[in-house]
Amino acid sequence: MKILIAEDDFYSRKLMMALLSPFGECDVAVNGIEACEAFEDAHDAGTPYRLICLDIMMPEMDGQEALRKIRDEEDKRLISRHEKVKIIMITALDEMKAIMESYHSLCDGYLMKPINHAMVLKQLKEIGVI
Amino acid sequence: MVNPIKILIIDDEAMLRESFKNYFEDEDAFVLEASNGAEGIELCLKERPDLVITDLRMPVMNGFDVIEQLKVVTPEIPIIVVSGQGTTNDVIAAIRLGAWDYITKPILKLEELSIVVQRVLERARLIQDNIAYKNKLEQLLDDNRIYREHLEELVHKRTEQLKEVAAKYQIVADHTYSWEFWINPQGQFVYSSPSCFRITGHTDDEFIANPALLHELVHPDDLADYKCHRHSSQLDQEPGTFEFRIIRPDGTIHWIHHDCQPVFGDQGQFLGIRGSNRDVTVRKLTQEALLKSEKRLAAIFDFLPDATWAINKESRVIAWNKACQELTGVSADKVMGKGDYCYSIPFYGSPRPMLIDFALEPSSARELLDPYLNGYTNFSIENGNITAESSGLLLAEGRYLWWKATRLYDSDGQVAGAIESVRDITELRLAKEAAIASSRAKSAFLATMSHELRTPLNAIIGFSDLIRIKGCGEINDSQEEYLGYILDSSKHLLALINDILDLSKVESGKMELTLSKVDIHRVITGSLNIIKKYAEQQGIAIYYTLDEHLPKVIRGDELKIKQILFNLLSNAVKFTPNGGSVTVSTGTVTAESVQSPPHNQELPVGNYLLLSVTDTGIGIKKEDIHRIFEPFEQSDNSSTRQHEGTGLGLSLSKMLAQLHGGTIWATPNPEGVGSVFYLTIPINQQARYNKSLTKCKGSNQ
């Protein structure tokens, strides 16, 4: 399973990698733009990501915009519904409300910081990637 | 003679009768003959001759009898008797009986007869005339009497009428409400209606007796005017009206309205002054009060710090206060009474309709104002009050004006005009904009802080957890123990950060509630399920009773209510020793019934959810009851370390409750041990628990 982690904070990024590495090969991006590029590159190479974790608050392009762009790109590429990448949004408590209201239909799950091993395991099971 | 004289001759001797007849017929008389007395009387009654000549000596009925009878039946007809010579006694007897004259037989000279006849006839005519004259006189006297009687009757009747009229006028004059009077040219009262007593306290008799009385009553301040008036009416004989004060015997001052005019006789002679005085004290006092009130209102109007003016129904300016003069530089006398939107010129430079016109005539002014309406912002109409904001030309560019206009009504509820106020809100608006900008900056700062503070913690907590669960290989017991400390401290720090951020959000007004229907029973049981785990570890029993009358849902922010509830419950468990109990109860209360508990917040009227959490813990000292809701306060500061927590929970919970329109307070447990925390949240939801449902789910012990 190819996994993309988009997170601007170095230590948080390392944590996500540490938590997700056991489930597959992890790539990292430091903002939304990099995440979108990585998403497209992977598709172009014929090895798309199975899971993307998007932190909401990132510089350059935030997680919400990246989410929308990735979904648009998938539509452009005529990717069928079940083949679409699973996206988990990484949020802080404050932002929960906004995401739940606006992006419910676009993302597959949420992880609320601080993130621990048990939460990740539970969420991966829920969205059906493990 | 026009008519021949009719002569009746009564004689038994035909020859004598014949000779009389011949003689008289020659004299153009008409002669009737009777040969005896009875026949003569009969003829006399029938023919009514002018003269009867009768013989005295006749058979059957003699001349005396004839005279006697004729004297009775025809007394007016003269009778001449014919007697023989030497029968003077006969003649005397006949004349005594009523004969008028006599002729002696033989008649030697017929002229003599003629003389007698003429004399008798003349006498008869005189008597006749006399009688006629007498009759006429009597008639005249009679007429005169009737006339006099009629006249007397008329006079009597007229007199009665006059008396009646006079009485009527007297009554009218004596009972007039106003004081009617007539003063003669000498200045004395000829008449004064009794009503003067009601007005002055002096009787009409007093005024009539003392011409100077009125003068004495006049208030000293009005005396000069009074004298001047008396002079002009009395001497110049001019009508006049004026008002003056009098001092009554009881010392009270009354206002008199005086009207008078000179009276002249038929020949134009001056008869004096006739007039009336009315007591107008009430009117005067009302006028004075009105004047005072108007002055007071004008002072109030002038005091208003907002430029304010008013117009009447004809859109003419009726008031223009001091602030208006100061703001526009236009003095009141320049605009008072003027129309044609003159009041808009100082504000806009040219006449145009304003809100005040819209307030006066909403239907027609709407069209007038329409082209100008986009010059206003925040235009609103509420209960006839129209408010709007705009930037006016009056002041330097960038000034903001706030306008408010409304209709004015008179006491009958009829539209009397409109009023408009204008306020320079530039400073206010700039301050508001600055506040908004500062608030936005604070908000942005909070959001950044929130992220920046929590991001490192995410890594700390995540990695500590990963190592502790041996995700990176084996660790020894000490390492596991110490990692536990790192985790607990980090989580505490995170909670602290979260609470501080929440608190500052509430304080800066940034905390927004996401209102929805909250199933309060579900929220309570949900929170209880989480807390039960901790409670069971410490052997603390949890009791929960649900009021079956509680509405099924209330309106609120579910997450925040959960936060409050969880805070109260975890506090209760935290401060309750092993083996104790925590009881949650619900109910509904009105705002009035929660005024008594010791808290300083006034609640709006309405129904509230009342939730109480009772513990058997360490309790709160009376003096700490309020302090515990302050940030970083616990009942006993020494116990802060002992009982973990951010120290912000209660103050945050209270703020969240207040955001909902409710509150939180605490009292010592009336059972003796521990304390009771109360939470109220307004209910504005009608749906209630179904009773059967309550029985199944309501009681959860």
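To be clear, the structure that these remarks concern was listed above.
So, a few notes on the structure that sits alongside this text.

1. Some details on the packing of aromatic side chains
Residue and element names in this part refer to chain B.
Part 1 of the argument: Scanning all chains against the criterion turns up 18 aromatic pairs over all chains.
Part 2 of the argument: Summarising the aromatic geometry, the rings of Trp-309 and Tyr-343 are spaced 6.0 Å apart at their centres and angled 35° between planes, so their arrangement reads as tilted. Of the two residues, Trp-309 is situated in strand β11 (residues 307–312) and Tyr-343 in the loop between α12 (332–335) and α13 (345–348); the sequence distance between them amounts to 34 residues.
Part 3 of the argument: A relative accessible area of 0% means that Tyr-343 is categorised as buried.
Part 4 of the argument: Judged by centre distance (5.1 Å) and plane angle (20°), the rings of Trp-665 and Tyr-678 are stacked. One end of the pair, Trp-665, is in strand β22 (residues 663–668); the other, Tyr-678, is in strand β23 (residues 675–682), and 13 residues separate them in sequence.

2. Brief notes about the side chain of B:Thr576
Residue and element names in this part refer to chain B.
Part 1 of the argument: Residue placement: Thr-576 occurs in the loop between α19 (558–574) and β20 (581–590).
Part 2 of the argument: Only 2.5 Å separates the side chain of Thr-576 from the backbone oxygen of Ala-572, close enough to count as a polar contact.
Part 3 of the argument: In this structure Thr-576 touches Gln-538, Ile-540, Ser-581, Val-582, Asp-615, Thr-616 and Gly-617, once residues within four positions along its chain are discounted.

3. Considerations on the interface of chain A and chain B
Much of the literature gives interface size as the accessible area that the parts lose upon coming together.
Part 1 of the argument: Contacts between the two partners involve 19 residues from chain A, matched on the other side by 16 residues from chain B.
Part 2 of the argument: Interface area, chain A with chain B, both sides summed: about 1600 Å², of which 64% is carbon and sulfur.
Part 3 of the argument: At the boundary of chain A and chain B, one finds 3 residue pairs in polar contact (both at pLDDT 80 or more).
Part 4 of the argument: A per-element tally of the side of chain A that touches chain B places helix α1 (residues 10–20) of chain A first, with 6 residues.
Part 5 of the argument: Here the side of chain A that touches chain B is built from residues that sort into 9 nonpolar, 3 polar and 7 charged.

4. With respect to the packing of α1(A) against helix α16 (residues 426–468) of chain B
How two helices sit against one another is set out by the angle between their axes and by the gap between those axes.
Part 1 of the argument: Look at α1(A) against α16(B): their axes get within 8 Å of each other, and the N-to-C directions meet at 30°. Between α1(A) and α16(B), the interaxial angle falls into the category roughly parallel. Of the two elements, α1(A) crosses α16(B), and the hand of that crossing is left-handed. Note on element contacts: α16(B) touches α1(A) through B:Thr455, B:Asn458, B:Ala459, B:Gly462, B:Phe463 and B:Leu466, opposite A:Tyr11, A:Ser12, A:Lys14, A:Leu15, A:Ala18 and A:Leu19.
Part 2 of the argument: Classifying every residue of the contact of α1(A) with α16(B) by side-chain character gives 7 nonpolar, 4 polar and 1 charged.

5. Thoughts on unusual backbone geometry
Part 1 of the argument: The amide bond that connects A:Lys113 to the next residue, A:Pro114, takes the cis arrangement and shows omega of 0°.
Part 2 of the argument: Within the element layout of this structure, A:Pro114 appears in the loop between β5 (109–112) and α5 (117–127).
Part 3 of the argument: At B:Asp28, a residue that is not glycine, the phi angle is positive and equals roughly 70°.
Part 4 of the argument: Mapped onto the fold, B:Asp28 is located in the loop between α1 (14–26) and β2 (30–34).
Part 5 of the argument: Its relative accessible area of 60% is what places B:Asp28 among the exposed residues.
Part 6 of the argument: Its identity as a non-glycine residue notwithstanding, B:Tyr341 has a phi of 55°, on the positive side.
Part 7 of the argument: With respect to the helices and strands, B:Tyr341 occurs in the loop between α12 and α13.

Cut-off values and rules
Residues numbered from 1 in each chain as written. Chains lettered and ligands numbered in written order. Predicted model: local features only at pLDDT ≥ 70, side-chain atom pairs only at ≥ 80, totals over all residues. Heavy atoms only, no water. Phe/Tyr/Trp six-rings, centres within 6.5 Å; stacked < 30°, edge-to-face > 60°. Helix = DSSP H or I, 4+ residues; strand = E, 2+ residues; numbered from the N terminus. Buried < 20%, exposed > 50% of the residue type's maximum accessible area, 1.4 Å probe, protein only. Polar contact = N/O pair within 3.5 Å; in protein donor to acceptor, adjacent residues only side chain to side chain. Contact = heavy atoms within 4.5 Å. Buried area = accessible area lost by both parts, 1.4 Å probe. Nonpolar A, V, L, I, M, F, W, Y, C, P; charged D, E, K, R; others polar. Axes fitted to C-alpha atoms, helices over the stretch in contact; angles between N-to-C directions. Parallel < 35°, antiparallel > 145°, perpendicular 65-115°, else oblique. Left-handed = near helix turned anticlockwise from the far one by under 90°.

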